[in-house]
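# Survey of secondary and tertiary structure
Spelled out, the chains give:
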Amino acid sequence: DACAENTGPLLAHIDAASVARDMDVIRAVLGDDKINYLGYSYGTFLGAVYAELFPEKVGKMVLDGAVDPAVSDLDALAFQMGGFESALRAYMDDCQANDSSCPFTGGTDSGMAQVRQMLDGIDAQKLESADGRVLDSATLGTAIAENLYAEDFWPDMTAMFNDLYDGSADSAFQAADDYNSRNSDGTYADNGADVYAAVTCAEGDLGTDSVDMQGDIDALKAKAPTIGDYFGYDDTFVLEALCSNWPHPVADLPTEYDAAGADPILVIGTSNDPAT
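These numbers come from a predicted model, not from an experiment.

### What to know about the pattern of salt bridges
Counted under the stated rule, the structure contains eight salt bridges. In this structure, Asp131 and Arg133 form a salt bridge, with 3.0 Å as the shortest nitrogen-oxygen distance. Note on Asp131: relative accessible area 44%, which makes it partly exposed. Accessibility expressed as a relative area gives 22% for Arg133, which makes it partly exposed. Asp177 serves as the salt-bridge partner of Arg133, at 2.8 Å between the closest nitrogen and oxygen. Here Asp177 lies in helix H8 (residues 170-180) and Arg133 lies in the loop between helix H5 (108-125) and helix H6 (137-146), a separation of 44 residues in the sequence. Residues joined by salt bridges that share partners form a network here, namely Asp131, Arg133, Asp177 and Arg182.

Structure, rendered in C-alpha cells:
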C-alpha cells in the first residue's frame with residue numbers, strides 16, 4: 001500500500017519491457033540510430049528484452065553475467081541457490097586449507113554439515129546483538145549470502161562464524177544489514193530492496209497461483225541442500241507474500257528471446273556465480 005501511495009501510476013510501469021521502451025526513447029533523444037549497451041546481472045535481462053523488442057536498434061551489446069530470461073522465477077531462484085551453495089563450498093575449501101582461524105574441520109562435506117547444524121540450531125540460541133535484536137536463522141542466511149558475493153568477504157565470513165560460536169551475533173547482523181542497506185539506527189541507505197521486490201512482482205510469477213514457495217521448498221533444497229531453504233525464508237517467501245498482494249497485473253513480457261535481425265550480441269556466462 002505504501003509503495004502504491006508513494007509511487008503512484010509509475011508503479012504499473014517498472015517492468016523490463018517498460019524500461020526497454022524508455023531506453024529506446026533515450027536512444028532517440030540522443031539522435032543515435034542504434035544503442036550501444038553494456039549490462040551486468042539484472043542489466044542483462046534489460047538488454048535481452050530491449051534486443052527482442054527493438055532488434056534493428058541494437059548496436060554493440062554486451063550482456064555480462066547473464067540471467068536466463070526465459071525461466072520461471074522458481075527455477076531462477078533455485079539455480080541461484082545452487083550458485084550460493086557452490087560458493088559456500090568454495091569458501092569451505094579455502095577456509096580449511098588456508099585459514100588458521102577457520103572454525104570448521106574434517107573436510108568440505110563435514111564443514112558444510114557444520115554450517116547446516118548452526119543454521120538448524122541458531123533460533124533456539126536466541127543470540128542478542130548489541131542493539132537488542134535477536135538473531136534468527138533467516139537473518140543468518142542473509143548474512144551468509146552477503147559474504148558469498150566475493151572472495152574478499154571470506155575472512156569476514158570466518159570471523160562471523162567464530163563470533164557465533166562465541167555467542168556473539170553482532171557481525172552476523174552487520175553482514176545482513178549490509179546486504180539490506182540498513183543503517184545502524186534502523187533506517188535504510190537506499191530503496192534498493194524495495195525496487196528489487198517491486199520489479200520482481202511486476203515481472204514474475206511468484207504472486208500467481210502457479211507458485212507455492214512453501215510447497216516448492218524442495219526445489220531450493222535440491223539445488224542447495226545446506227542453505228537453500230534458509231535463504232528462501234528471508235527472501236523468496238517474503239516476495240511470494242508481497243507479490244500475491246501486488247496491486248498491478250504481471251507485465252506482458254516476451255516469451256522468446258532470439259533478437260532476430262539484431263547485430264551480434266556478446267553474452268558472457270559465469271560459473272559458480274551466486275548473483276546471476
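Moving on from the model shown.
### Quick word on the environment of Ala259
Relative to the elements of secondary structure, Ala259 occurs in the loop between helix H12 (236-244) and strand E3 (265-268). For Ala259, a relative accessible area of 12% puts it in the buried group. As a C-alpha pair, Ala259 and Asp185 span 74 residues in sequence and 47 Å in three-dimensional space. Beyond its immediate chain neighbours, meaning those up to four positions away, Ala259 contacts Ala51, Glu52, Pro55 and Ile265.

### A closer look at H8
Buried within H8 we find Ala172, Phe173, Ala175, Ala176 and Asp177. Backbone geometry just downstream of H8 places Ser181 in the positive-phi region, at approximately 55°.

### Quick look at the sheet that holds E3
One open sheet accounts for three strands, arranged E1-E2-E3; its pairing is parallel. In the strand order of this sheet, the two ends are held by strand E1 (35-40) and E3, each with one partner. Ignoring which end each strand starts from, the neighbouring axes of this sheet average 5° apart. Pairing between strand E2 (residues 58-64) and E3: four bridges, direction parallel. Bridging from a neighbouring strand, Val62 pairs with Leu266 of E3.

Reading the values: the criteria
- Residues numbered from 1 in each chain as written.
- Predicted model: local features only at pLDDT ≥ 70, side-chain atom pairs only at ≥ 80, totals over all residues.
- Heavy atoms only, no water.
- Salt bridge = Lys/Arg side-chain N within 4 Å of Asp/Glu carboxyl O.
- Buried < 20%, exposed > 50% of the residue type's maximum accessible area, 1.4 Å probe, protein only.
- Helix = DSSP H or I, 4+ residues; strand = E, 2+ residues; numbered from the N terminus.
- Contact = heavy atoms within 4.5 Å.
- Pairing = 2+ DSSP bridges.
- Axes fitted to C-alpha atoms, helices over the stretch in contact; angles between N-to-C directions.

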